[in-house]
Amino acid sequence: MWVNPEEVLMASALWVTERANPYFILQRRKGHGDGMGGLAGLLVGTLDVVLDSNARVAPYRILYQTPESIYWTVACGSTRKEITEHWEWLEQNLLQTLSIFETEKDITTFVKGKIQGIIAEISKNSDIKEDDDTAKFKEATMKFRRLYGMPEEEKLVNYYSCSYWKGKMPRQGWMYLSINHLCFHSFMMGKEAKLVIRWVDITQLEKNATLLFPDTIKVSTRSREHYFSIFLSINETFKLMEQLANIAMRQLLDNEGFEQDKSLPKLKKKSPKKVSALKRDLDARAKSERYRAIFRLPKDEKLDGHTDCTLWTPFNKKHIVGQMFVSTNYICFTSKDEQLCSLIIPLREVTIVEKADSSSVLPSPLSISTKNRMTFLFANLKDRDFLVQRISDFLQQTTSKIYSERDISGSYNNSDDEVLSQMSSIISSSPQRSLGSEDSERQFNLNDSSVPTATQTLMTMYRRRSPEEFNPKLAKEYLKEQAWKTNFAEYGQGVCMYRTEKTRDLVQKGIPESMRGELWLLLSGAVNEMATHPGYYEDLVEKSMGKYNLATEEIERDLHRSLPEHPAFQNEMGIAALRRVLTAYAFRNPNIGYCQAMNIVTSVLLLYAKEEEAFWLLVALCERMLPDYYNTRVVGALVDQGVFEDLARDYIPQLYDCMQDLGVISTISLSWFLTLFLSVMPFESAVVVVDCFFYEGIKVIFQLALAVLDANVDKLLNCKDDGEAMTVLGRYLDSVTNNDSTLPPIPHLHSLLSDGKDPYPEVDVFKLIATSYEKFGTIRADMIEQMRFKQRLKVIQTLEDTTKRNVVRTIVTETLFTLDELEELYALFKAEHLTSCYWGGNTTAPDRHDPSLPYLEQYRIDFEQFKGLFILLFPWACGTHSDILAHRMFRLLDENRDSLINFREFVTGLSIACHGDLTDKLRLLYKMHVLPAAEHDEPESAFEATKYFFEDITPECTHVVGVNSRVKQELEDGFVTVSLKTERGKKASLQDNQNYLRLWAKDDKSKMKGSNDLPKLNQEQFIELCKTLYNMFSEDPSEQELYHATATVTSLLLEIGEVGKLFSSQMSLEQDGEQGHRSHSEQYCHKIADSFQTILNAEDEETLCVEHALCSQMEEIKLEDSSPKDTAATSAMHTSDDETKDDSSMSSYSVLSAGSQEDYKLHCEDIADDTVLVRNNHSTSLPNSSSIDRDWTITFEQFLASVLTEPFLVKYFEKPVEMLPRITTAKNVRVMGKQILTSDYDISPISG
């Protein structure tokens, strides 16, 4: 690359001059390239790696030199090819021009200006931004791609100096972290070490501390463990590694590649650029994720920035120190003590943002007013003017969005088949209705007219009061309502309320029945999504009505299992509402669709919230608060099960070993977590747990689960099996009561409660929750996320291994591969699929991955990916013809013609090509060419193709054998199959021919039936088949013998097709004019065919029949000198030279028999009433022609019989193929990405 000219103090230090002229010098750095420069080169190379000078200095450079020995760097390069191109350009374009200048100063000015102009032009054409990565990072990226052969699509994120423990010795070098790979490179005293690990292969990533090395990162894969140490900043490195591993796990779940965020704010020119743009992107993503988790914001909200400030809180008349967060649609605040105060202000609610007057007491204040007449006063803002400008910009965007979308409100032009899977796809901005308002809510009936639609919550409609009008429970409920109203009056009501410790205390005491739905929406953040998507649910229900798929079938099956004991779901109104919500969500998020347990949770949501509110609560639950819980493999629940095990080990160590031995934790956690205790606790108690969950998230569930175990430690320690332990826990949970509930008790029979013992003593749910906070309140959300990462790696990799085993067990009976080979092939196929996800392909990720399909068919690859695997794995891939052959194989395997093939199809084709018998392999080869020709497979002329086949073959004395197993069924197919055998080696191969014919005769009848169903091969397809055969043997030890055998078979099949065509035409003429008359040639044809058919059908005396018939036929038709007779068949087969030259539709074989050289004609001779065919052995030259005979055909039986006569071809196709070495080579090649065509560095074998 060209670089801005910089003066060099010492031109020869650590550099070797390779080329020079009066003005420029091309140099190579010592320690690089051939020879490595001896000891000095080894030292320089080692220093370059250890000190990272190689990231700043490329191994090649060009210097401009002045007569006074002043040097300027004008170009550098990572490869010899690159630097040579620059050198040649300088010699061709600048040398002559520089000789014109008179002074050295003029020359220097001209050279510097020219180089700077070139750089400016390149930057303009390639649209390089000024704030892109630094030159140092670009050099590191070039080195990364050069070392590991990575394509440009593979983005380097950052690189760090560290040591890699290879054996017992550390190797100092550099760790390169890209989006999809972890790489390490070291060069120490001439020894190079390289490591490439894909993030999707990592099963464990942890930071360890040992006595010798306090900071060590261990990276575990399925095959081995890798240790890295001596980091300059291990925390930053490990955090980035966690992010990249998480992205990889998301790829395994969703099969979507990483897309860089191009909307990041650009750095100022004076800002220090210490990290790459991609690293800034990942840092911004991590901050946005934490921001959304803290304030329960929609998952597409991006944090713009944050700053320290104070907030004036009128309820206690104090300035609280904390941080303000600003994003596209929200302004949020949290105190340093997170429990003290937090605040969420949606910009849609903001009316005024103004700067107040500063004072010594209140410096740099900012006032924000909202629609509900609340004013928030922030102070101590460091850059208040910039902050106000950002907020004003976002407010303007929000306002314009509201007005632009009001114009198109209610008009959604999406097609019926389009799945609305993104939250931001439909944004409307009608003013948010008050949470307590009933008048502004629009009513809609989305169900059949015969089924009533609920216009209010189901609990309100089906609430059954106790007989006592005034009882202590009602009084306590009234006091709760008054406490919340007092809280609203003091701290505000709605989205913009102050959230304090008092709010949490009120939630833990239980939310009043009348306020539960409203507060669930508020605390979960679902109110924000509902307010910004008015009409979304209604349109989604309308689109999903009448649509049926697997999810809707499962929903219908579970509808009547959802709280069947509650009266709201004992009639069609409640069932219909539940059906609409679940179906709408299944269409919104097809990746989840429907999962068992969603029906139980949704039914409870519908009791306290209206249909649309329940839908958005379900969205918040599935997509934000319980991520990945309800997908097809309940990954999120399994991850939290692992987290729960770790927490139990830390907090209840005396019980952990016992629970592990009993295997209870894995059983209880899924049922507890998936339904939020709704399926294992009495209803009135479980809803209190849901109250706390919507306020504080998953930590409440972990705390409560640990409290349940802790309360039953003694009993669990005495349990002898898992059944007894489950009974203990079931009885305990069934006894958890809510004495404050005003609802009549709903029957709850726990499925595990099966003994007849006395009821368990009642456990008050509020005391249980309070105990969980007292004993386990130290569990924090960030700690849970850290533990989730560790478990996510383990869970997803375990699921992937299970899937692989299931696939292998299913398909092992369908193929000829071993279990080990199938496992390796599956891993390779899946890796190729994932490669398409992150390096791109011709199709999108949803097209290539369909989770609704069986595991065998989920992963699919397109042709470009298949071609790469074909070249590496298929034994027939050889030479330049491999691409064409891969395309033919792909078209054959792609049964549904969707331009994608799945693993089953891939393995089926590979199994036949590698381990099939002779007939199966030839049938596969035949099928590949009998398909209609692809557009780019244009055939050559008949003359060119035939000359290509025979240019190295010298005809010798030949013999003809006529066989045809299909004559009796289809007379029009021709009468004879011809085999040309040379005198050379005849006796040696005669016995082999008989053996092959016997084997063919024994072939399975089903196979022969399948062969009979194959279409005929026309001349154009036959030419392509012959090309394939000729290109198949270029690396075989018996290459020459195979070429000769192929030429013989090709010559034979050409004559077979021509003879069949001629006699087919003759029979057609005879049927029209001379019915009942048969020529001597036709009679002889049938005699030969009948004799061979007898050979095929013989079972008792097979050997004798074959030998006698074959020998007698070969003796009978051996001819040396004869003269033609005027028979009907002879006259039909003779063609004059003039007629041949005038016939524009003449076949390629007609060209052979009718050329200008009389000696090369094919003659028909009649001896003893038998007509046979003979070719004289004089010349090999062929006349020219450009026509393809469309009537010329051969059958698969003829192709198979012809190949069977050549021992070398039979041996080649029967030769076994060792797959594991091919798979190992393929894995090494594919993990390196695109292969390097030219490089000065040898790629050493990859470790790990």
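Criteria and thresholds
- Residues numbered from 1 in each chain as written.
- Predicted model: local features only at pLDDT ≥ 70, side-chain atom pairs only at ≥ 80, totals over all residues.
- Heavy atoms only, no water.
- Helix = DSSP H or I, 4+ residues; strand = E, 2+ residues; numbered from the N terminus.
- Buried < 20%, exposed > 50% of the residue type's maximum accessible area, 1.4 Å probe, protein only.
- Areas by Shrake-Rupley, 256 points an atom, 1.4 Å probe, with all protein chains shown as cover.
- Arc of directions from axis to C-beta.
- Contact = heavy atoms within 4.5 Å.
- Polar contact = N/O pair within 3.5 Å; in protein donor to acceptor, adjacent residues only side chain to side chain.
- Phe/Tyr/Trp six-rings, centres within 6.5 Å; stacked < 30°, edge-to-face > 60°.
- Pairing = 2+ DSSP bridges.
- Core = buried A, V, L, I, M, F, W, Y, C linked by side-chain atoms within 4.5 Å.
- Axes fitted to C-alpha atoms, helices over the stretch in contact; angles between N-to-C directions.
- Parallel < 35°, antiparallel > 145°, perpendicular 65-115°, else oblique.
- Nonpolar A, V, L, I, M, F, W, Y, C, P; charged D, E, K, R; others polar.

Caption draft 1: Region of the structure containing the overall build of the protein. Each helix and strand counted, the protein has 48 helices and 28 strands in total. Burial analysis of the protein (1248 residues in total) assigns 56% to the buried set. Accessible area for the protein stands at about 57200 Å²; split by element, carbon and sulfur atoms hold 51% of it.

Caption draft 2: Spatial organisation of helix α16 (residues 550-558). Looking at α16, one finds that the buried residues are A551, T552, I555 and D558. Viewed along the axis of α16, the buried residues span an arc of 130 degrees, placing them on a single side of the element. As for α16, its buried residues are in contact with α17 (572-588) and α18 (598-608). Two to three positions downstream of the cap, the backbone nitrogen of A551 sits 3.0 Å from a side-chain oxygen, assigning the N-cap of α16 to N549.

Caption draft 3: Focus on the packing of aromatic side chains. According to the stated counting rule, one finds 52 aromatic pairs in the structure shown. Residues Y148 and Y176 carry aromatic rings whose centres are separated by 6.3 Å and whose planes lie at 65 degrees to one another, so their mutual orientation is edge-to-face. With a gap of 28 residues between them, Y148 in helix α6 (residues 135-148) and Y176 in strand β7 (residues 169-178) connect regions that are remote in the sequence. As far as burial versus exposure is concerned, Y148 and Y176 are alike and both buried.

Caption draft 4: Summary view of the sheet that holds strand β16 (residues 341-346). One open sheet accounts for 8 strands, arranged β17-β18-β19-β13-β14-β15-β16-β20; its pairing is antiparallel. With partners counted over all chains shown, the strands left at the sheet margins are β17 (350-355) and β20 (499-500), one partner each. As judged from the 5 bridges shared by strand β14 (residues 318-327) and strand β15 (residues 330-335), these two strands associate in the antiparallel manner. By the bridge assignment, Q323 is partnered in β15 with T334.

Caption draft 5: Seen up close, the environment of K299. Examined against the element boundaries, K299 turns out to sit in the loop between α8 (277-295) and β13 (303-313). For K299 and S288, which are 11 residues apart along the polypeptide, the C-alpha to C-alpha distance reads 9.1 Å.

Caption draft 6: Highlighting the nonpolar core. Core analysis: the biggest nonpolar cluster contains 135 residues, and M598, F615, Y630, W672, F677 and F694 have the highest contact counts within it. The contacts of M598, once residues within four sequence positions are left out, are L582, Y585, I592, G593, L618, C622 and Y630. L869, F870, A877 and L925 belong to the second-largest nonpolar core, a separate cluster that totals 76 residues.

Caption draft 7: Representation of the packing of helix α23 (residues 683-696) against helix α24 (residues 698-711) in the model. Contact pair α23 / α24: the axes reach a minimum separation of 6 Å and the direction vectors enclose 135 degrees. By the angle between their directions, the pair α23 and α24 is classed as oblique. Each of V689, C692, F693 and E696 in α23 lies in contact with α24, whose residues at this interface are I698, K699, V700, I701 and L704. A breakdown of the residues in the contact of α23 with α24 according to their chemical character gives 7 nonpolar, no polar and 2 charged.

Caption draft 8: How the structure looks around the environment of T221. Of note, T221 is situated in strand β11 (residues 216-221). With a relative accessible area of 12%, T221 lands in the buried category. For the pair T221 and Q797, spaced 576 residues apart in sequence, the C-alpha separation works out to 9.7 Å. Residues contacting T221, with those up to four places away along its chain left out, are I197, D201, I202, T203 and H226.

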